[in-house]
Amino acid sequence: MILRMQCLGCLKRFINKKLIIIKEYSMKEKIKIMKFLTVFIIGAVICYGNIASAKLPENQEAITAGKKVYTRHCWPCHGVDGAGDGPAAEILEPRPRNFVSALFKLRTTTTGNLPIDEDLFKTITNGMPGSAMPAFGTLLNEDERWQVIYYIKTLSDYFADKSLDPYNSKITIGSPPVVTQDVIQKGRTAYEKAECFKCHGDQGKGNGDSASELTDQEGYRLLPRNLTKGWKYRGGTSLTDIYTRFTTGMDGTPMPSFIDNLTDDERWNLAAYVKSLIKERDLTGNMLKGLKVEEELPVDAESPLWELAEALEVPMAGQIIWKPRWLIPSVDTMVVQCLFNDDEIAFKLTYDDRFKDVEHDEGSLLPISDTAYPILQSEDPEFDPHFTLNEYILRDSVAIQFPQNPVEGTEKPHFMWGYGNDPVYLLKWNSDAQEQGNNPVFEMNAKGHKKPPKEQETASQAVGKGIFTDGQWSVVIKRKLVTEEKSDTQFSTGTFIPVSFQAWDGSNSEIGSRMSLSTWNYLILEGTMPISVYIYTAIFVIAAALLEWLFTCRSKKSKE
Amino acid sequence: MKFLAGFVIFFLMIGLSSHLFAGNGTVVGTIKFEGENPGYPDANINKDPEVCGTGTRPTEKLILSADNGIKNVFVSIVGVAGEKLAVPAENPVFGQEKCNFNEHVMVVPTGSTVDFPNMVDKVMHNLHSYSMKNRPFNKGVPFGEKISMPFTKPETVKITCDVHKWMIAYLIVHDDPYYAITDADGNFKIENVPAGTYKLQLWQESLGRKKIDIEVKDGEESKVDFAMTPRKRRKKS
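Residue numbers restart at each chain and count upward from 1, following the sequence in its written direction. As a convention, the first chain written is A and the first ligand written is 1, with the rest following in written order. Predicted model: local features are reported for residues with pLDDT of at least 70 only, side-chain atom pairs are reported and counted for 80 or more only, and whole-chain, interface and lining totals are derived from all residues. Hydrogen atoms and water are omitted, and side-chain values are computed over all heavy atoms in the structure.

A. Layout of the overall build of chain A. Runs of H or I in DSSP of at least four residues are treated as helices and runs of E of at least two as strands, each being numbered from the N terminus. Of the regular secondary structure elements, chain A holds 13 helices and 14 strands. Expressed as a percentage of its 560 residues, the buried residues of chain A come to 57%. Only heavy atoms matter for contacts: two residues are in contact if any of them lie within 4.5 Å across the pair. A separation threshold of at least 6 residues defines the contact pool for chain A, and within that pool the share at least 24 residues apart is 69%. Accessible surface for chain A amounts to roughly 24800 Å². Of this, 55% is attributable to carbon and sulfur atoms. Each residue's exposure class comes from its accessible area (1.4 Å probe, protein chains only) as a fraction of the maximum for that residue type: buried when under 20%, exposed when over 50%, partly exposed otherwise. Computed with a 1.4 Å probe, the accessible areas rest on the Shrake-Rupley method; for each residue, only the protein chains presented here act as cover.

Set out below in structure tokens:
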């Protein structure tokens, strides 16, 4: 697990090295900034510190020391003056906190009030998962964390105003109840009473009726949390954390406080309900095992046959290797399954997507710029809730990618659409084609990132269907195991076939290389399998792990 | 009864004469719009149809009469050494019906606590304020509930509901009675202003702020007609 995480960190390091697009800064500065980012992203991924007990006294000396910490670690994102406008801010969503206007999401104080020092300490220690805010729990010692807090507080007049002393507006937090099915049930009732579903959706997928139009204080798009994704909770997923979030509200965002209109009991029940929505995810695997069946393969994602097939959960990340890069991907995890029989092979891809986008009109889309905010952004500097939507409508799509030709050993084409002499084959499903009653699955080939995948000239032999239910797509794609077409990947039992996945969320402005993608996983079709395959599998997994580890170490060294 | 009437008249006279002696004047005028109408789109009513209704609603961002008079301009005279607004004994009420705030621009005296009931619409509204001097708030208010919030500093506070994005209103926290809100034709009238030279301040949500020099003369009516122009869009850096 750790290994995998380290590797993710590695990938980000690698990517960040390439992510030098901030024009006004000199090369040296850019590298510095990226160094900051890199170290922190790793920090955020692998570190989780403890909350301190002894608090440093708040005095001039501590503030001066805090300024040093700030200029070492925080300004690239939060800005020199703390206005949330550091050079890295442009490429982040959500944007770094503006300490001057001092609206904080994570507080134990009532709505509109400042956080207490301990709130800030917790945030800086644990970071804010799901955002770029790193965890400093191991990078900074406790004294340094207090110091930087005292410094941050000098950046805003609000902290100096004695009448706003946050310690006077602390909420009282009792102790969490023992969670039973009954408590969760009552929590569901509170969820309905408070109409949390208006934003978070009936099942907490972040897809409520009002979800698509929300913005933060400055008019930038802000989607409600998908409550099933525990790894995106900014303030932690303990019952107390969750209780605190909707008791105090998250200032600067549409997330309201419910302190007045839900009783304390109702709020604890609600916290238990929200927590019960969180799905665990296991990203340790990279082997997709196809299951052989006798029956005809279903195109229907709801066929009971799918319940038999093993599922692999694949982490997805924004495409940030080539321009235009994509830092705010929508799909961050995908569950995949595979069935086959003597003749055909079928894949089922299941993933959360808040909104069903089945229309497609690229309109005035091109050229796509490299900034992170092409989507919903208000024109009016004073926050204009009437968005100026860009003049295009994009569909949801998903693709499965294979090397076009059989691979030898660990050699694989690049996972971003291959290379010139290492082409890839893609099976791509487009929601708009399905909506219009056409075959939604396209067979495509690509020879590198420079040219988008090209549709094959012969009509697509693959079929498929997507079903959208409450913030989730389930897409089935089916094809013959073996075909006549030279540029198709051919499937056979007993071999490892590299496979990777790509997804585009239309309402998140995703198209072309603005997408989420996975790295290579392996597909294995278990026929009557020779024992040797299992041995190979083991060797393979170990070798891959070793490689990942080596890569981590090497890139760590090369950084230092 | 007669006694009472006499009493009232007596006090009215005192009131009148005191104003006369203090040398008060009146400021009247019309605020018009000049320039290209930015053409704010109508609000799309697309949530909770049973409660909010459907279709579109004209935007309140800029309401113009046939001859370009602007509605809902907050006109105030800055720095009058005169009366102050008293904090009302009963809390001002800021309600909503059919997912529309009852008033688009409402003035409350500094120091007031305002009640925000949700007693009509059978849906939750989250009342979300935007302000700098008064601490902002964002509270979910289900049907049948009420919140009360204090406003301690003079300021224009924007109130929205994120669930129903078109719901926007402004609460103006103000110190003194020397203000008016323009009517549908852009007309306003501010009475009983102590004579002197002042700045007249105009504020309109989409056009911003504007200050004009005025002179108020004893017992006279000063006429101020003014044309507001579209705000220059600040470029996003």
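B. Just the overall build of chain B, in detail. In terms of regular secondary structure, chain B is built from 2 helices and 18 strands. With 237 residues in all, chain B has 49% of them scored as buried. For chain B, restricting intrachain contacts to residue pairs at least 6 apart in sequence, the fraction spanning at least 24 positions comes to 65%. Total accessible area computed for chain B in this model is approximately 12000 Å², and 55% of it derives from carbon and sulfur atoms.

C. Looking closely at the side chain of R135 of chain B. Position of R135 of chain B among the secondary structure elements: in the loop between strand 9 (125-130) and strand 10 (138-141). The convention is simple: Lys and Arg are positive, Asp and Glu are negative, and His and the chain ends are not counted. Salt bridge, as used here: a side-chain nitrogen of Lys or Arg that lies within 4 Å of a carboxyl oxygen of Asp or Glu. Despite its burial, R135 of chain B pairs with no opposite charge; the closest candidate is D251 of chain A, at 5.6 Å N-O. In protein, a polar contact means a hydrogen-donor-capable atom and an acceptor-capable atom, both N or O and within 3.5 Å, with residues adjacent in sequence counting only if both atoms are side-chain atoms; elsewhere, any N or O pair within 3.5 Å suffices. Within polar-contact distance, the side chain of R135 of chain B engages the backbone oxygen of G112 of chain A at 2.5 Å. Among residues more than four places away in sequence, those in contact with R135 of chain B are A102, L103, G112, N113, L114, Y158 and L164 of chain A together with S129 of chain B.

D. A look at the interface of chain B and chain A. With 35 residues of chain B at the contact, the number on the chain A side is 40 residues. Taking both sides of the interface into account, the surface hidden between chain B and chain A amounts to around 3400 Å²; carbon and sulfur atoms contribute 47%. A salt bridge links E213 of chain A to K47 of chain B, with the nearest nitrogen and oxygen atoms 3.5 Å apart. In this structure, the connection of chain B to chain A is made through 15 residue pairs in polar contact (both at pLDDT 80 or more). The set of elements that each furnish at least two residues to the side of chain B that touches chain A consists of strand 9, strand 10 and strand 11 (145-150) of chain B. Throughout this entry, Asp, Glu, Lys and Arg are counted as charged residues, while Ala, Val, Leu, Ile, Met, Phe, Trp, Tyr, Cys and Pro are counted as nonpolar. The remaining residues, Gly among them, count as polar. Its residues assigned to classes, the side of chain B that touches chain A shows 12 nonpolar, 7 polar and 16 charged. The term buried area means the drop in 1.4 Å probe accessible area that two parts suffer when joined, counted for both and summed.

E. Quick look at the sheet that holds strand 13 (residues 168-174) of chain B. All names here are of chain B. DSSP bridges decide pairing: two strands pair if at least two such bridges lie between them. If you trace the 5 strands from one edge of the open sheet to the other, you get 7-13-12-9-10, paired in mixed fashion. With one partner strand each, in any of the chains shown, strand 7 (105-109) and strand 10 form the two edges of the open sheet. Going across the sheet, the axis of each strand differs from the next one's by a mean of 25°, ignoring polarity. The pairing of strand 9 with strand 12 (residues 155-161) spans 4 bridges and is antiparallel. The residue bridging H128 from the neighbouring strand is T160, located in strand 12. Only the stretch in contact is used when fitting a helix axis, every axis being a line fitted to C-alpha atoms; angles between N-to-C directions are given from 0 to 180 degrees.

F. Geometry of the domain arrangement of chain A. All names here are of chain A. In this document the domain limits rely on a domain assignment from an automatic tool or a database. The domain architecture assigned to chain A consists of domain 1 (2-52), domain 2 (60-169), domain 3 (181-277), domain 4 (287-525) and domain 5 (534-560). Each of domain 2 and domain 4 has a C-alpha centre, and the two are 39 Å apart. Of the residues lining the interface, 7 residues belong to domain 2; the matching set on domain 4 comes to 4 residues. A combined buried area of about 480 Å² lies between domain 2 and domain 4, and 58% of that area is made up of carbon and sulfur atoms. Here domain 2 and domain 4 share 0 salt bridges between them. Inspection of the domain 2/domain 4 interface yields 0 residue pairs in polar contact (both at pLDDT 80 or more).

G. How the structure looks around the packing of helix 10 (residues 239-248) of chain A against helix 11 (residues 264-277) of chain A. Residue and element names in this part refer to chain A. In contact at an axis separation of 9 Å, helix 10 and helix 11 are set at 120° when each is read in the N-to-C sense. By the criterion of interaxial angle, the relationship of helix 10 to helix 11 is oblique. When you trace helix 10 past helix 11, the crossing you get is right-handed. Touching L239, T240, I242, Y243, F246 and T247 of helix 10 are D264, R267, W268, L270, A271, A272, V274 and K275, all from helix 11. Among the residues forming the contact of helix 10 with helix 11, the class breakdown is 9 nonpolar, 2 polar and 3 charged. Should an angle lie under 35 degrees it is considered roughly parallel, over 145 roughly antiparallel, and from 65 to 115 roughly perpendicular; all remaining angles are considered oblique. Crossing handedness follows the turn of the near helix against the far one: under a right angle anticlockwise gives a left-handed crossing, and clockwise gives a right-handed one.

H. Here's a closer look at the confidence of the model for chain A. The score called pLDDT rates the predictor's confidence residue by residue, from a low of 0 to a high of 100. On average, residues of chain A score 85 in pLDDT, and 80% of them reach the 70 mark or higher. Confidence drops under pLDDT 50 across residues 39-52 of chain A; counting only partners more than four residues distant or on other chains, this segment forms 31 contacts.

I. Fine view of the sheet that holds strand 17 (residues 208-216) of chain B. All names here are of chain B. The antiparallel open sheet is built from 4 strands, whose spatial order is 14-4-16-17. Both outer strands of the open sheet, strand 14 (179-181) and strand 17, are each paired with one neighbouring strand and no more. Across the sheet, the mean angle from the axis of one strand to that of its neighbour is 20°, orientation sign disregarded. Alignment of strand 16 (residues 196-204) against strand 17, held across 9 bridges, turns out to be antiparallel. Note on strand 17: the bridge partner recorded for Q204 is G208.

J. Spatial organisation of the nonpolar core. Formed by 81 residues in total, the largest nonpolar core has its most connected members in Y70 and L270 of chain A together with F94, F116, F151 and L171 of chain B. Looking at this core, the element that brings in the most residues is helix 11 of chain A, giving 7 residues. Two domains each provide a minimum of three residues to this core, namely domain 2 (60-169) and domain 3 (181-277) of chain A. Residues within four places of Y70 of chain A in sequence aside, it is in contact with W75, H78, G79, V80, G82, F99, V148, Y151, I152 and L155 of chain A. In this description, a nonpolar core means a group of buried Ala, Val, Leu, Ile, Met, Phe, Trp, Tyr and Cys residues linked to one another through side-chain atoms lying within 4.5 Å. Ranked by size, the runner-up nonpolar core spans 33 residues in total, among them V314, M316, V331 and F491 of chain A.

K. Spotlight on the state of the cysteines. Any two cysteine sulfur atoms within 2.5 Å of one another count as a disulfide. Following the criterion strictly, the structure yields 1 disulfide over all chains and no others. The partner cysteine of C52 of chain B in its disulfide is C99 of chain B, sulfur to sulfur 2.0 Å. Between C52 of chain B and C99 of chain B, the S-S dihedral sits near -55°, and the bridge is therefore left-handed. You can see C52 of chain B sitting in helix 2 (residues 49-52) and its partner C99 of chain B sitting in the loop between strand 5 (96-97) and strand 6 (100-101), a full 47 residues away along the chain. Take C52 of chain B and C99 of chain B: they sit in the same class, and that class is buried. C199 of chain A carries a free sulfur, and the closest cysteine sulfur to it, the one in C161 of chain B, is 8.5 Å from it.

L. Layout of the pairing of strand 14 (residues 521-525) of chain A. Residues and elements named next belong to chain A. Among the 5 residues that make up strand 14, 5 are buried, leaving the element largely enclosed by the rest of the structure. Burial along strand 14 is two-sided: the face carrying N521, L523 and L525 and the face carrying Y522 and I524 are both buried. Relative to strand 14, strand 1 (residues 287-292) runs parallel, the two sharing 4 bridges. Paired with L288 across the strands is L523, a residue of strand 14.

M. The pattern of salt bridges, seen in detail. Taken as a whole and assessed by the stated rule, the structure comprises 30 salt bridges over all chains. Here the salt bridges do not stand alone but share partners, grouping K55, E58, D117, E118 and K153 of chain A into one network.

N. View of the packing of aromatic side chains. Residues and elements named next belong to chain A. Only centres within 6.5 Å qualify two rings of Phe, Tyr or Trp (six-membered ring in Trp) as a pair; their planes then separate them into stacked at under 30 degrees, edge-to-face at over 60, and tilted for everything else. In total, this model carries 22 aromatic pairs over all chains according to the counting rule given. Aromatic side chains F104 and F159 sit 6.2 Å apart centroid to centroid with 70° between the ring planes, which places their arrangement in the edge-to-face category. A residue pair is termed long-range when its members are at least 10 positions apart, and F104 in the loop between helix 4 (75-78) and helix 5 (117-126) and F159 in helix 7 (residues 157-160) qualify at 55 residues. When its relative accessible area of 14% is taken as the criterion, F159 is described as buried. Their ring planes at 85° and their centres at 6.3 Å tell us that F496 and Y522 sit as a pair that is edge-to-face. Here F496 is found in strand 12 (residues 496-504), whereas its partner Y522 is found in strand 14, with 26 residues between them in sequence. Both residues of the pair, F496 and Y522, count as buried.

O. Representation of the packing of helix 8 (residues 181-193) of chain A against helix 11 of chain A in the model. Residue and element names in this part refer to chain A. Running from amino to carboxyl end, helix 8 crosses helix 11 at an angle of 100°, the nearest separation of the two axes being 7 Å. By the angle between their directions, the pair helix 8 and helix 11 is classed as roughly perpendicular. Contact residues: helix 8 offers V183, I184, K186, G187, R188, A190, Y191 and K193, while helix 11 offers E266, N269, L270, A272, Y273 and S276. Each residue belonging to the contact of helix 8 with helix 11 can be placed in one class, and the counts come to 7 nonpolar, 3 polar and 4 charged.

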